[in-house]
Amino acid sequence: MAGKRLTRFMTPIIIQAGNQSYEAHVGSDLLEQASVLVSRKLSGPDCAIVSDENVAGHFAQALVQSLAGAGFRPTLITIPPGETSKTLDEAERICARMSEAGLDRSSFLVALGGGVVGDLTGFVAAIYHRGIPYVQVPTTLLAQVDSSIGGKTAVNTVAGKNLIGAWHHPALVIADVDTLGSLPRREWKQGFAEVIKHAIIRDAEMFDALQHFDREDVAALVRRNIEIKAAIVAADEREMKGERALLNFGHTVGHAIERAGEYRDFLHGEAVSLGIVAACEISVRKAGLSETERERILTTLRSFDLPTRLPVDFPRERILETIQFDKKFRQREVRFIVTPMIGSARVATDVTLKDIAAAIRQL
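The following refers to the structure shown. Because the structure is predicted, anything quoted here is derived from the model rather than measured.

Before going further, it helps to spend a moment on the overall build of the protein. When helices and strands are counted, the protein shows 14 helices and 13 strands. Computed over the C-alpha atoms, the radius of gyration of the protein is 20 Å, within 12% of the 21 Å expected from 2.2 N^0.38 for a compact globule of 363 residues. Projected onto its principal axes, the C-alpha positions of the protein cover 60 × 45 × 40 Å. Looking at the protein as a whole, 57% of its 363 residues qualify as buried. Long-range pairs, those at least 24 residues apart, make up 76% of the contacts in the protein between residues at least 6 apart in sequence. For the protein, the accessible area works out to roughly 14,900 Å², and carbon and sulfur atoms hold 49% of it.

Set out below in C-alpha cells:
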C-alpha cells in the first residue's frame, strides 16, 4: 500500500497556459481517487461524464462511484467510439442531454476516454453556457501523453479535421496509467507515434531510451511527455510564436491521410506515424536531416508496429487534395515542421506542395 500511496500522490505537473494554470496527475490507482482530486478544484455538484461506449464499460462505474461518494451528482453520457463521433451533431446531442439533466453554468464536465472523447468534451465545455469547466481523464496512451494537454478542443467537418473548435483548457488532468492495461494492442501501439514525435522535436535522450522501453516504466514515460508538451504550451499557448507549431510534426500529412481514408483505414497515431515518415523525407532535403537519423526514426516507428508505408491501393491523390485545407496553412503558405536532427525541430516556409507530393509518393 505504501507504494500505491506514493504513486497516487506524486507531485503533479503544472501546465501554465497564459494567465491560467492547471495540474496533471500521473500514476496508478487514480480513477478511484478522482473525487479527491476533483474536489480540490471544482465544487459542482452537478456534472456529466462523457465517454465512448467501449471505455464506459471498463471505467465509468468506478468514476461515477468515486464522484457520487464525494457528493457530486454525475450523469453518464456515452457516444459511439471513433473519429466519426467528433461532429457538431454529436456535440449538440451532448448539450441536449446535459440540459435535460439540469446542468447549468455552475456544473462541469469530465472527459473519460481517448483523444476523440477529450476533444469533443472539451469543445462542449467551451460552448455550453458560454463555457464551463471540464476535467480530462485520458484512458489511452495517446491521450495521456498528448491530446489531454494544451487546451485544444474541436470537432471535424466535411472539409477537414478539427476545423471548428475553441481554446479551452481543462481544470485538471488525471492520467491513471492503470487504464492502459485494457487497451487493445493496436490502440496501445498508436500512442507511441506521439511519444516518438515528442522525442524527435525535443528530447534526443528519450528517443534513445525508447529503444529499450519497458512497459513498467510507462508512468515515467507519460510524465516526461506531459512535461515536454507543457513546456511548449507555456512558451506559445495559442500557436502565435511558432513554438507550439512544432507539436504538429508529422501531423500535416497525418491528418490528411486520416481524412483520405475516411477515418477508417488508420488510427490517429498510425496516420501520424506515416506523416512522420513523410516529414523525415522532406527534412532530409530541406533541413539537413542525415540519412542515418532518418533510418533510426523509421526503425523506431517499426519497432512499435507503427506503419511506415501506405497500402499500394491507398488513394494518394486525395491526401494532397486534403492538405490544402489544413489549418496550418496561412494565407496559402505552407508552414511545415522539419527536423534537422533528432531532438530538434523548426518551422519551414520553403516547403512546397510539390515537396509534400513527392514525399507522399514515397510512402
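Ranked by size, the top nonpolar core spans 74 residues in total, and within it Phe192, Val222, Val253, Ile257, Ile319, Phe336 and Ile356 carry the most contacts. The element best represented in this core is helix α11 (residues 268-286), accounting for nine residues. Among all residues touching Phe336, those that are not within four sequence positions of it are Thr252, Val253, Ala279, Ile282, Arg346, Val347, Ala348, Val351 and Ile356. Leu30, Ala34, Leu67 and Phe108 belong to the second largest nonpolar core, which has 22 residues in total.

Here we take up the packing of aromatic side chains. Tallied over the entire structure, the rule returns six aromatic pairs. Aromatic ring contacts, followed pair by pair, group Trp188, Phe192, Phe213 and Phe304 into a single cluster.

Our next topic: the sheet that holds strand β1 (residues 13-17). The strand order across the open sheet built from seven strands is β1-β2-β9-β6-β5-β3-β4, with neighbouring strands paired in mixed fashion. Bordering the open sheet on either side are β1 and β4 (73-79), each of which pairs with just one other strand. This sheet shows a mean twist of 20° between the axes of neighbouring strands, independent of strand direction. Those strands touched by helix α3 (residues 53-69) are β3 (46-52), β4 and β5 (108-113), and its axis lies near 160° from that of β3. Its contacts with the sheet put helix α4 (residues 88-100) on β3, β4 and β5, and the angle it makes with β4 is roughly 155°.

Reading the values: the criteria
Residues numbered from 1 in each chain as written. Predicted model: local features only at pLDDT ≥ 70, side-chain atom pairs only at ≥ 80, totals over all residues. Heavy atoms only, no water. Helix = DSSP H or I, 4+ residues; strand = E, 2+ residues; numbered from the N terminus. Rg over C-alpha atoms; globule rule 2.2 N^0.38 Å. Buried < 20%, exposed > 50% of the residue type's maximum accessible area, 1.4 Å probe, protein only. Contact = heavy atoms within 4.5 Å. Areas by Shrake-Rupley, 256 points an atom, 1.4 Å probe, with all protein chains shown as cover. Core = buried A, V, L, I, M, F, W, Y, C linked by side-chain atoms within 4.5 Å. Phe/Tyr/Trp six-rings, centres within 6.5 Å; stacked < 30°, edge-to-face > 60°. Pairing = 2+ DSSP bridges. Axes fitted to C-alpha atoms, helices over the stretch in contact; angles between N-to-C directions.

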